[in-house]
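One-letter residues, chain by chain:
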Amino acid sequence: VHIDSEVTSKLPPDRTAYVTAKAAQVGLMRAAALEYASAGITVNAVAPGFIPVERHANLDDHELETYRSTIPAGAIGTPADVAAAVAFLASAGAGFITGQRIVVDGGRHLT
């Protein structure tokens, strides 16, 4: 399971290198899914939106509220939201899912 990013569907300004790297990762995931499918190996990606963690401790409330206001679900995701998607894709229940990208962003990519 690759950890992608929302940036391949919701392009941020001034992040060209990061967007390029994540778009390449999506291509790698899809190509690997096709290549390994006949061996019963699944390859997928989870694309989280912004998930505040320790490295974002210096963000102020205004920045967080500005981002939250762009999310149709009305809340910022958590590490547990991402972990649940990864756990599902790694489970036997997802054994027939390959080459897919699950966006975990509360619907932000839809706007």
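Asker: Just give me the short version of the environment of Gly 74, but keep the residues and values in it.
Answerer: By the secondary structure assignment, Gly 74 is in the loop between helix 2 (61-68) and helix 3 (79-90). The partly exposed category is assigned to Gly 74, whose relative accessible area is 33%. Separated by 34 residues in sequence, Gly 74 and Arg 108 place their C-alpha atoms 9.5 Å apart.

Asker: Tell me what's going on with the confidence of the model for the protein chain, and back it up with residues and numbers.
Answerer: On average, residues of the protein chain score 94 in pLDDT, and 100% of them are at 70 or above. Across the protein chain, helix 3 holds the top mean pLDDT of 98, while helix 2 sits lowest at 91.

Asker: Report on the pairing of strand 2 (residues 45-48), specifying residues and quantitative values.
Answerer: Of the two faces of strand 2, the one holding Ala 45 and Ala 47 and the one holding Val 46 and Pro 48 are both buried throughout. With 2 bridges connecting them, strand 1 (residues 2-3) and strand 2 associate as parallel partners. In the strand pairing of strand 2, His 2 is matched with Ala 45. For the handedness criterion, the β-α-β arrangement of strand 1, helix 1 (residues 16-36) and strand 2 is classed as right-handed.

Asker: How would you sum up the nonpolar core? Please name residues and give values.
Answerer: In this structure, Val 46, Ile 51, Val 82, Ala 85, Leu 89, Ala 94 and Val 104 together form the largest nonpolar core, which totals 7 residues. Val 104 has contacts with Val 46, Ala 47, Pro 48, Gly 49, Asp 81, Val 82 and Ala 85, leaving out every residue within four places of it along the chain. Core analysis: the second largest hydrophobic core is formed by 6 residues, Val 26, Met 29, Ala 33 and Val 43 among them.

Asker: Break down the environment of Asp 60 for me, citing the residues and quoting the values.
Answerer: Tracing the backbone through its elements, the reader meets Asp 60 in the loop between strand 2 and helix 2. Given a relative accessible area of 39%, Asp 60 falls into the partly exposed group. Taking C-alpha positions, Asp 60 is 32 Å from Ala 24, a pair spaced 36 residues apart along the chain. Within the local environment of Asp 60, its side chain forms a polar contact with the backbone nitrogen of His 62, the two atoms lying 3.0 Å apart. Side-chain polar atoms of Asp 60 contact the backbone nitrogen of Glu 63, separated by 2.7 Å.

Asker: Could you give an account of the pattern of salt bridges, with specific residues and numbers?
Answerer: Inspection of every chain in the model, using the stated rule, returns 3 salt bridges. Note that Asp 4 is salt-bridged to Arg 101, the shortest N-O span being 2.3 Å. Remark: Arg 101 occurs in strand 3 (residues 101-104) and Asp 4 occurs in the loop between strand 1 and helix 1; sequence separation between them is 97 residues. Across the salt bridge formed by Glu 6 and Arg 108, the nearest N and O atoms sit 3.0 Å from each other. Within this pair, whereas Glu 6 is found in the loop between strand 1 and helix 1, its partner Arg 108 is found in the segment after strand 3, the two being separated by 102 residues in sequence. The class for Glu 6 is buried, based on a relative accessible area of 8%. On the basis of relative accessible area, Arg 108 is assigned to the buried category, the value being 12%.

Each value, and the rule that gives it
- Residues numbered from 1 in each chain as written.
- Predicted model: local features only at pLDDT ≥ 70, side-chain atom pairs only at ≥ 80, totals over all residues.
- Heavy atoms only, no water.
- Helix = DSSP H or I, 4+ residues; strand = E, 2+ residues; numbered from the N terminus.
- Buried < 20%, exposed > 50% of the residue type's maximum accessible area, 1.4 Å probe, protein only.
- pLDDT = per-residue confidence, 0-100.
- Pairing = 2+ DSSP bridges.
- Right-handed = clockwise from strand over helix to strand, strands pointing away.
- Core = buried A, V, L, I, M, F, W, Y, C linked by side-chain atoms within 4.5 Å.
- Contact = heavy atoms within 4.5 Å.
- Polar contact = N/O pair within 3.5 Å; in protein donor to acceptor, adjacent residues only side chain to side chain.
- Salt bridge = Lys/Arg side-chain N within 4 Å of Asp/Glu carboxyl O.

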